[in-house]
Amino acid sequence: MNIEVLTIFPDMFDSFLAYGIVSRAIKSGRIRVSPVNIRDYAAGKHRQTDDRPYGGGAGMVMMPEPLAGSINAARKKDGRAKVILLTPQGRPFDQDTAGKLAKESGLVFVCGRYEGVDERIRSDYIDDEISIGDYVLTGGEIAAMVVIDAVIRLIPGVLGSDESATADSFSNGLLEHAHYTRPQIFRAGAVPDVLLSGNHAKIDEWRLESALVRTFLKRPDLLEKKALSSREKAILKKWCDNIERLVSGQDSGHQGGDALSRADTLSGEEP
Ligand code: ADE
């Protein structure tokens, strides 16, 4: 995939492109990322890229000509590339959008600064507008890095086989299950026995249960949107039953030992 980033601060991308999976994807030739200085397309001695807004008011607006010049140059290189403006007014970015963008042959990111870009650029040159959240950054560069990072790891071959994206949070509408590594005992916490058992069916079941319970506790809105499979419904129902048993045990003066020990096996997730 060919990615062009149009920005007045191309150097901001140096360390982003120099490390980890992004750097590896570039070295392997799976992606090419080219930060382009919008100022190179600005006219005049001062190569001005911003100007005062018509109608007055605070702040500056990015001038249309340097943006149009840099977008046209990027389009000349790849006529099919999708041109995306990073702006807090864009559509909220999510994993689904990342997956769709990962299938594009080329992407051009336009990083707005100041009060934003001239409206004629927005209407005539931009295919899509993306926001990374309901807050205002000083420019689109960090937003572009966020989007590029999330997109490129979904391009086939970018993640190694041991870094697969298939179990990622959000990829199946759930948060990802809990993870453990060595040591087996850390402070008061032990790795759940099932993860040491070598029984992959049981480990899969535990991981699905962990994903469901932590999604229920941390992001119940995701569960409301998801069509649950019968296996997933059965796991959540078992949790409801355990909690019900625990509560009715308390009501009748007993400690709910059974339900509690069940919760212990998913340490970190207990309600
Ligand atoms: N530019 C400034 N704030 C932004 C945001 N929240 N998302 C994308 N681009 C931005």
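You'll find the structure just up there.
Residues numbered from 1 in each chain as written. Predicted model: local features only at pLDDT ≥ 70, side-chain atom pairs only at ≥ 80, totals over all residues. Heavy atoms only, no water.

Read across the sheet, five strands follow the order E2-E1-E6-E5-E7 without closing on themselves; strand pairing throughout is parallel. In this open sheet, the two edge strands, each paired with only one partner strand, are strand E2 (32-37) and strand E7 (128-131). Strand-to-strand twist across the sheet, computed as the mean angle between neighbouring axes with direction ignored, equals 30 degrees. Direction of pairing for strand E1 (residues 2-7) relative to E2: parallel, over a ladder of six bridges. Among the inter-strand pairings, Glu4 is bridged to a residue of E2, identified as Ser34. In the packing of helix H3 (residues 64-77) onto the sheet, contacts are made with E1, strand E5 (82-92) and strand E6 (106-111), and the angle to E1 comes to roughly 170 degrees. Sheet strands touched by helix H6 (residues 141-152): E1, E5, E6 and E7. Its angle to E6, the strand with the most contacts, is close to 160 degrees. (Pairing = 2+ DSSP bridges. Helix = DSSP H or I, 4+ residues; strand = E, 2+ residues; numbered from the N terminus. Axes fitted to C-alpha atoms, helices over the stretch in contact; angles between N-to-C directions. Contact = heavy atoms within 4.5 Å.)

Tallying each qualifying case throughout the model produces two aromatic pairs. Consider the rings of Tyr180 and Trp206, whose centres lie 6.4 Å apart with planes at 55 degrees: the pair is tilted. With Tyr180 in the loop between H6 and strand E8 (185-186) and Trp206 in helix H7 (residues 200-218), this pair connects stretches of sequence that are 26 residues apart. A residue is classified by how much of its surface remains accessible, and Tyr180, at 33% relative accessible area, is partly exposed. (Phe/Tyr/Trp six-rings, centres within 6.5 Å; stacked < 30°, edge-to-face > 60°. Buried < 20%, exposed > 50% of the residue type's maximum accessible area, 1.4 Å probe, protein only.)

Relative to the elements of secondary structure, Thr87 occurs in strand E5. Residue Thr87 is classed as buried on the basis of its relative accessible area of 11%. Looking at Thr87, its side chain comes within polar contact range of the main-chain nitrogen of Gln89, at 3.0 Å. Filtering out sequence-adjacent residues up to four positions away, Thr87 remains in contact with Arg122, Glu129, Ile130 and Ser131. (Polar contact = N/O pair within 3.5 Å; in protein donor to acceptor, adjacent residues only side chain to side chain.)

A separate point is the side chain of Glu232. Relative to the assigned elements, Glu232 resides in helix H9 (residues 230-251). Here Glu232 falls in the buried class, since its relative accessible area comes to 8%. In contact with Glu232, not counting residues within four places along its chain, are Leu174, Leu208, Leu212, Lys226 and Ala227.

Taken together, the side chains of Phe9, Met12, Tyr135, Leu137, Ile142 and Val146 make up a nonpolar region of the molecular surface, amounting to roughly 500 Å² of accessible area. Looking at the element boundaries, Val146 is found in helix H6. Note on Val146: relative accessible area 36%, which makes it partly exposed. (Patch = residues over 30% accessible without salt bridge, like charges linked within 9 Å, V, L, I, M, F, W, Y side chains within 5 Å. Areas by Shrake-Rupley, 256 points an atom, 1.4 Å probe, with all protein chains shown as cover. Salt bridge = Lys/Arg side-chain N within 4 Å of Asp/Glu carboxyl O.)

With that settled, the discussion passes to the pairing of E1. Within E1, six of the six residues are buried, which leaves the element mostly enclosed by the surrounding structure. Here E1 shows a buried face lined by Asn2, Glu4 and Leu6 and a second buried face lined by Ile3, Val5 and Thr7. For E1 and E6, the ladder comprises five bridges, and the chain directions are parallel. In the strand pairing of E6, Glu4 is matched with Val108.

Okay, the pattern of salt bridges next. Tallying each qualifying case throughout the model produces 14 salt bridges. The partner of Glu129 in a salt bridge is Arg122, with the nearest N and O atoms 2.7 Å apart. Given the relative accessible area of 16%, Arg122 is considered buried. A salt bridge links Asp168 to Arg153; the shortest N-O distance between them is 2.6 Å. Taken together, the residues span a long stretch of sequence, with Asp168 in the loop between H6 and E8 and Arg153 in the loop between H6 and E8 at a distance of 15 residues. Residue Asp168 is classed as buried on the basis of its relative accessible area of 10%.

In the region of the ligand, the neighbouring residues are Leu86, Thr87, Pro88, Ile130, Ser131, Ile132, Gly133, Tyr135, Val136, Leu137, Gly139 and Ala143. Within the backbone of Ile132, an N or O atom sits 3.0 Å from a nitrogen atom of the ligand. At 2.9 Å from a nitrogen atom of the ligand is found a main-chain nitrogen or oxygen belonging to Leu137. Burial of the ligand by the surrounding chains reaches 97%, relative to a free accessible area of 260 Å². Listing elements by their share of the shell around the ligand, those giving two or more residues are E5 and E7. Broken down by element, the residue count for the shell around the ligand peaks at three residues, all from E5. Class assignment for the residues of the shell around the ligand results in eight nonpolar, four polar and no charged. (Near = heavy atom within 4 Å. Nonpolar A, V, L, I, M, F, W, Y, C, P; charged D, E, K, R; others polar.)

What follows deals with the nonpolar core. If you look at the biggest cluster of nonpolar residues, it comprises 30 residues, and the most contacted ones within it are Val5, Phe109, Val151 and Ile152. For this core, the secondary structure elements donating two or more residues are E1, helix H1 (14-18), helix H2 (20-27), E5, helix H4 (95-101), E6 and H6. Examining the composition of this core, we find that eight residues originate from one element, H6, more than from any other. Aside from chain neighbours lying at most four places away, what touches Val151 is Met1, Phe93, Ala98, Leu101, Ala102 and Leu107. Core analysis: the second largest hydrophobic core is formed by 17 residues, Leu6, Ile8, Val108 and Ile121 among them. (Core = buried A, V, L, I, M, F, W, Y, C linked by side-chain atoms within 4.5 Å.)

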